Structure formats: structure tokens, C-alpha cells
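Okay, here's what each chain looks like letter by letter:
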Amino acid sequence: MSPHSLIVVAILALAGCASPVHAPQTPIAVPVSAATWHQVDRELVSASQQATEQVKLFARGSMEHWRTRVYQQTEENFIPWFSSYWTQEWLSMKVSWYTINAGGEQDASAKRLAAYLLEQYQERVLAPVAVEIDPDAILGQATAFYAQLMAQQMPLIAQRYGVPLAQLNGRLQKVPAIALGPPPARDASLYQIISTEPLNTLPAYAALIDKIHTEGGSKGIASTDAGMAPVAKRASQRMEAEMAPRGAASAVAAAAGKLVGGVISIGVAGIRAIIQANDRPDSEALIRSSLGSTFDKAWSKLLQNPTTGVMAGTLHIAGQVEGSLGGAEQPSVGLGVNRVEWQPPQSTTQQIQPNVQGE
């Protein structure tokens, strides 16, 4: 490079160092009248109300799907298992053991059998369905859906009233959405709700879900054990009644010798199989009726309860938002629950469908 070129480069470098550094310009706040902010607040309330209504439809549809899958799984897996010959034999052995160890406790065998059946129901029905869908998942999805719908409305509201989005966001930071503190980490503004992705990373949201679970007790269908009680009591009584003749037959078989005794035992087992086969339709009808009634009550509570159901997260946030902005009424679940009759399929290949009847 020539000496002349070096002089030119040095001059340009010195000029660059001497040039003033311009700081990023802060957007100039646009004057917004109190009347305009009042209209914006009304729009926020309206947006919250509309979002809540859409979330209700989502929650109802999701819960209907969950209920149908539970019915199908019960009909296909649990009822055939419960009413099979070998399951009944195994349950008879359990009842015998429960009765021996009852220690004078009334209905001890029925209570312990109900606990065992509930464990099997969880394993064979609720757990497999939960892989696909369950109320806890619907609770989280519904709350996140509300936040998503509200976020979509903010640019539209800002444009409609000529308010810069940055200034609207500043106002949203003052609108409470979750109020569970202290400490302050258990509180969140509407801006935090609509801007945090994913929502479950927000500490206040985690606190809200934990509160819903705590107030609701056990997750899922906490009252299913009540539905097992009449089923277990009836099974226990029938099995206890069978024990006496079964014991007498065993004694006769032992006294008759090995070969003849084996024949007698086989005959007694065949008679028990016939008895159980004849009793099977009644047993299945009882368990279908008992579980169906109890499940529907639990399902309705999960859908309708504003503090412990699948809409609880949405209703808490919407209530805080609308209440702080002057909403006249607190949001409610407002979902008309229909009565459902649980009926078995007409063939082994037909899937069970809920028969919905409006009340």
C-alpha cells in the first residue's frame, strides 16, 4: 500500500473515533386520554369474556372425549376381566383371606376387596386412558388456551384505539391475573400470562395449578372407590356364601382318596363355573351401573366445579382480569351437563357410545 493510501486510512479511522455514538432512541409515548384507556379496559373485559366462552367449549369437548374413552376401556378391559371365571376364583381366595384376618371388623372383606378392585380399575382403565387424555392435561391446556386467545387480541385492540403496543403492554403489567401471594412470585400480571412461553414455566401459574390440585384432593376420579363399594360387597357376600359348601366338598374329596377325590374336585369346580356363568350378566350389570353412576358424578364435578375442575385455572385468571377492570360479574363455568346412560355394546366388536339425554 502506498504512503498516500495509508494517510487516507488513518484520517478516516480518526474521523470514525471522533464521531458521536448515538444511543438507541426510546419510543416517544403517545398521549392517550383517560376516555380511551377506559374504552381499552372495556375491550379487555370483552376479550376475556369471549376467550372464556371458547375455553368452555374446548374443555367440554375434551372432557366428553375423556369420558367416552374411559367407558370404552372399562367395557373392553375391566368388566371382562372382573367377570371372568379365573378372576372370580382369585377374588374368592382374597375374600377368604380377608375374612380370616378380619379380626371381628364389620364388612372388612368387602372394604378390602373394594380397595383391590379400585387399584385394578386404576391400572386397567384410568392409567391407559391418561396416556392419551386426562383431566389434569385438560386443565393445563384450557388455561394455556385462554392465554393464547388473549394474546391474539392485544395487537388488534392497540390498533383499534391507536395505542402503541408498548404502552398497552405497560398497562397490562398493572392488570392482575393470578393473585396468590405472598410471596410476590405467586402473583402474575396479565402481561406475564400472555407473554410467557410455555405458560407452565411461570412460577405463579405453577402455584395456581398446585392450589387447584390441593383443594380438589386426589387427582383424577377421587370418588371412584365409592362406585366399587356395592360391587365389592355383593361379590364378597356371594363368595363367602360359596366358601362353606366348597370346604365340605374339599373334605369329601380328601376322604374319598386321590383318584376319586380329584374327580369330585373337578365336579365341584364345574358347578362353580356354571354358577358364576349364570351370575355373570347380573354382576356385569351391577358393576356397569355402579361405576357408571359414580363416574358421571365425578366427571360432572370435574367439569363444573369453578375452583377444582378443569376450568378452574381459566376462571381464576379471568376473574382477576375482569374484576380489576370493572367487569360487572365474575365468570362462571356455565356448562350445562347432560345425563349419560352407560350401555354395553350390542356385539363384541362394537365400541360403547354414551347415550346423551338433556335434562
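A short tour of the structure in this document, coming up.

Conventions we followed
- Residues numbered from 1 in each chain as written.
- Predicted model: local features only at pLDDT ≥ 70, side-chain atom pairs only at ≥ 80, totals over all residues.
- Heavy atoms only, no water.
- Helix = DSSP H or I, 4+ residues; strand = E, 2+ residues; numbered from the N terminus.
- Buried < 20%, exposed > 50% of the residue type's maximum accessible area, 1.4 Å probe, protein only.
- Contact = heavy atoms within 4.5 Å.
- Areas by Shrake-Rupley, 256 points an atom, 1.4 Å probe, with all protein chains shown as cover.
- Phe/Tyr/Trp six-rings, centres within 6.5 Å; stacked < 30°, edge-to-face > 60°.
- Arc of directions from axis to C-beta.
- Axes fitted to C-alpha atoms, helices over the stretch in contact; angles between N-to-C directions.
- Parallel < 35°, antiparallel > 145°, perpendicular 65-115°, else oblique.
- Left-handed = near helix turned anticlockwise from the far one by under 90°.
- Expected span 1.5 Å × (residues − 1).
- Core = buried A, V, L, I, M, F, W, Y, C linked by side-chain atoms within 4.5 Å.
- Nonpolar A, V, L, I, M, F, W, Y, C, P; charged D, E, K, R; others polar.

### As for the overall build of the protein
Within the protein one finds 11 helices and 4 strands. Relative to its 359 residues, the protein shows a buried fraction of 40%. Put simply, of all contacts in the protein between residues at least 6 apart along the chain, 75% involve residues at least 24 apart. Total accessible area computed for the protein in this model is approximately 19,400 Å², and 58% of it derives from carbon and sulfur atoms.

### Topic: the packing of aromatic side chains
Evaluation of the coordinates by the stated rule reveals 5 aromatic pairs. Ring geometry for Phe78 and Trp81: centres 5.5 Å apart, planes at 40°, overall tilted. In this pair, Phe78 and Trp81 both sit in helix H2 (residues 34–83), 3 residues apart, roughly one turn of the helix. Relative accessible area serves as the criterion here: at 14%, Trp81 is assigned to the buried category. An aromatic cluster is defined as three or more aromatic residues linked by ring pairs; in this entry it consists of Phe78, Trp81, Phe82 and Tyr121.

### Overview of helix H6 (residues 165–172)
Those residues of H6 that sit buried are Leu168, Asn169 and Leu172. Down the axis of H6, the buried side of the element spans an arc of 100°, and every buried residue falls inside it. Summarising the contacts, the buried residues of H6 are in contact with H2, helix H5 (135–160), strand E2 (187–189) and helix H7 (190–195).

### Quick look at the packing of helix H3 (residues 85–100) against helix H4 (residues 108–132)
Following both chains from N to C, one finds H3 and H4 inclined at 135°, their axes separated by 9 Å at the closest point. Taken together, the axes of H3 and H4 lie oblique to each other. The handedness of the crossing between H3 and H4 comes out as right-handed. Where H3 approaches H4, its residues Trp90, Leu91, Lys94, Val95, Tyr98 and Thr99 are matched on the opposing element by Ser109, Arg112, Leu113, Tyr116 and Leu117.

### Considering H3
With 16 residues, H3 extends 23 Å between its outermost C-alpha atoms, agreeing within 8% with the 22 Å of an ideal straight helix rising 1.5 Å per residue. Every buried residue belonging to H3 is among Thr87, Gln88, Glu89, Leu91, Ser92, Lys94, Val95 and Tyr98, and all of these are buried.

### What to know about the nonpolar core
If you look at the biggest cluster of nonpolar residues, it comprises 71 residues, and the most contacted ones within it are Trp66, Ile178 and Ile193. Among the elements that take part in this core, H2 stands out by supplying 16 residues, more than any other.

### Some details on the side chain of Gln73
Along the chain, Gln73 falls in helix H2. Using a relative accessible area of 10% as the deciding quantity, one classes Gln73 as buried.

### Let's talk about the environment of Ser62
Counting through the fold element by element, Ser62 comes out in helix H2. Judged by its relative accessible area of 11%, Ser62 is buried. It is 9.5 Å that separates the C-alpha atoms of Ser62 and Ala142, two residues lying 80 residues apart in sequence. Filtering out sequence-adjacent residues up to four positions away, Ser62 remains in contact with Ile133 and Ile138.

### Focus on the packing of H5 against helix H11 (residues 312–324)
Viewed as axis vectors pointing N to C, H5 and H11 meet at an angle of 30°, and their least axial separation amounts to 7 Å. Between H5 and H11, the crossing angle belongs to the class labelled roughly parallel. From H5, Leu139, Ala142, Thr143 and Tyr146 reach across to H11, where they touch Ala312, Gly313, Thr314, Ile317, Ala318 and Val321. Considered class by class, the residues forming the contact of H5 with H11 number 7 nonpolar, 3 polar and no charged.

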